[in-house]
Amino acid sequence: MSPFFHLSAILLAFALVCAASPAPSSGVAEAARKCKEIRVHKEWRDISVKHRLAYIDAVKCLQALPPTVPGTAATSRYEDACDCRSFVASELNLELRDKCHYKGPIPFWDWARDGDNEGVPIAKSPIFDPVTGFGGDGVLGTYTLPSPNISTVTFPQSYRGCVLDGPFSADKYTVHLGPGTLTTKHCLVRGINETLKHAMTTDVLEEQLRIKTFAELRATIDNPRAFGMHITTHSAIGGEMKNVWSSPGEPLFFLSHMNLDRMWWHWQWRDYRKRLYYIDGPSTVNGTDNVTLDFVMDFPRISSNVTIRDVMDLTKEPNCYTFEY
């Protein structure tokens, strides 16, 4: 639940940027945040097939559970995370364990493995396998936007079609949020953009991880002209992932953003003493303020509120996880 993940995934306006600040000084408070266990998150293809299938089953379990608060746009516990605009992968992971009894490692999707895999299309990645993955690309002609002029759908061409294979195919999974800010029942839509494969490589990610300041890093990861790692991955999957308001309806959203969390973790460790409790910039994309580590993040219906300070260190409560590499 590090702020780099939140930066890209929470509140749509990237409300997790703040001024540089020293680490917490209270020894008592720090002792209380010590983890009983630190889990190791692993790349999707590095976990066993048994655990891959169990993870997918757990996601479908959450999609079948009733929402926390009836009467909202969310129709399931899974959609609570989408509708409340707090796209919290770490909280979803806790739900998968506590409510749907998933016991394996939490997976992330290392896009660079596919970007570096020359000659193999993105759509052929194991992540899109119809049996041990999340199903393939959308099929052209199987989905039509409810209106060609939805103001909140900025890239209608990315809505290629319904996913027709795998565990989230049109006959097995219904998305209730989107397109845009609409609330409609529709299939999971994808439109994989193979022309962005070159922007998902280790070299491109490494160039961004060499950025020195958080404010510049935040701006870069969402800059399509710079092939920012966050915006590029959303664009590469297309469809649901291109919709700012309902992209978590795409189950790959959480694996992709967990990898973004991993990128933040790598960036922190390159200058750990300075960066563990350092981020800077405004609280929104076009904001002029400069929030602090005491800024409170609101997670309605899915979690208690926490401050930015609370989630800067992955190895402390409430995070308690790290990455295999």
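Residues numbered from 1 in each chain as written. Predicted model: local features only at pLDDT ≥ 70, side-chain atom pairs only at ≥ 80, totals over all residues. Heavy atoms only, no water.

1. Considerations on the overall build of the chain
Rules: For helices the rule is a DSSP run of H or I covering at least 4 residues; for strands it is a run of E covering at least 2, with both sets numbered from the N terminus onward. We call a residue buried when its accessible area falls under 20% of the maximum for its residue type, exposed when it is over 50%, and partly exposed in between, using a 1.4 Å probe and counting protein chains only. When checking whether two residues touch, look at their non-hydrogen atoms; a contact exists if any pair is within 4.5 Å. The protein chains shown are the only cover counted for residues, whose accessible areas, like all others here, come from Shrake-Rupley with a 1.4 Å probe.
The number of helices and strands found in the chain is 11 helices and 8 strands. Put simply, the chain has 325 residues, and 56% of those count as buried. Sequence-distant contacts, at least 24 apart, represent 71% of the contacts inside the chain between residues at least 6 apart. As displayed, the chain has an accessible area near 13700 Å², and 56% of this comes from carbon and sulfur atoms.

2. Quick notes on the sheet that holds strand β2 (residues 107-108)
Threshold: Should DSSP find at least two bridges between two strands, the strands are taken to pair.
In spatial order, the strands read β2-β1-β8; together these 3 strands make up an open sheet with parallel pairing. Every interior strand has two partners, whereas the edge strands, β2 and β8 (321-323), have only one. Two strands pair when backbone bridges link them, and strand β1 (residues 39-43) and β8 are joined in this way by 3 bridges, in the parallel orientation. Residue pairing for β8: valine 40 is matched across the bridge by threonine 322.

3. Looking at the pairing of β1
Relative to β2, β1 runs parallel, the two being bridged by 2 bridges. Pairing of lysine 42 across the sheet is with proline 107, part of β2.

4. Section: the layout of surface pockets
Counted only if it meets this: Computed over the protein atoms alone on a 1 Å grid, cavities are sets of points where a 1.4 Å probe fits but cannot get out and pockets are open sets with protein on both sides within 12 Å along at least five of seven lines; a residue lines them when it has an atom within 4 Å of a point. Grid points are joined across faces, edges and corners, and a volume is the space filled by probe spheres set on the points. Under the scheme applied here, ten amino acids are nonpolar (Ala, Val, Leu, Ile, Met, Phe, Trp, Tyr, Cys and Pro), four are charged (Asp, Glu, Lys and Arg), and all others, including Gly, are polar.
The calculated volume of the second largest pocket comes to roughly 340 Å³. Lining the second largest pocket we find 15 residues, and of these Arg39, Leu94, Pro318, Asn319 and Cys320 sit closest to its centre. At the level of elements, β1 and α5 (89-98) are the ones that each hand at least two residues to the lining of the second largest pocket. By residue class, the composition of the lining of the second largest pocket is 5 nonpolar, 4 polar and 6 charged.

5. Observations concerning the packing of aromatic side chains
Operational definition: Each pair of aromatic rings taken from Phe, Tyr and Trp, with Trp reduced to its six-membered ring, is defined by centres within 6.5 Å and is described as stacked if the planes are under 30 degrees apart, edge-to-face if over 60, and tilted in the remaining cases.
Throughout the structure, instances matching the rule amount to 18 aromatic pairs. On the basis of an interplanar angle of 80° and a centroid distance of 5.6 Å, the ring pair of tyrosine 55 and tyrosine 102 is categorised as edge-to-face. Of this pair, tyrosine 55 sits in helix α3 (residues 49-64) while tyrosine 102 sits in the loop between α5 and β2, and the two are 47 residues apart along the sequence. For tyrosine 55, a relative accessible area of 1% corresponds to the buried category. Residue tyrosine 102 is classed as buried on the basis of its relative accessible area, which comes to 2%. A centroid spacing of 5.8 Å and a plane angle of 85° characterise the contact between tryptophan 109 and phenylalanine 128, whose relative ring orientation is edge-to-face. On the criterion of sequence distance, the pair formed by tryptophan 109 in the loop between β2 and α6 (111-115) and phenylalanine 128 in the loop between α6 and β3 (138-140) is long-range, its members being 19 residues apart.

6. Digging into the state of the cysteines
In a disulfide, the sulfur atoms of two cysteines are covalently bonded to one another. Cut-off, in case you're wondering: Sulfur atoms of two cysteines make up a disulfide when they are within 2.5 Å.
In total, this model carries 3 disulfides according to the counting rule given. Across the disulfide from cysteine 61 sits cysteine 100; the S-S distance is 2.0 Å. Between cysteine 61 and cysteine 100, the S-S torsion sits near -80°, and that sign places the bridge as left-handed. Within this pair, whereas cysteine 61 is found in helix α3, its partner cysteine 100 is found in the loop between α5 and β2, the two being separated by 39 residues in sequence. A residue is classified by how much of its surface remains accessible, and cysteine 100, at 12% relative accessible area, is buried. What links to what in the chain: the bonded cysteines, counted in sequence order, pair as 1-6, 2-3, 4-5.

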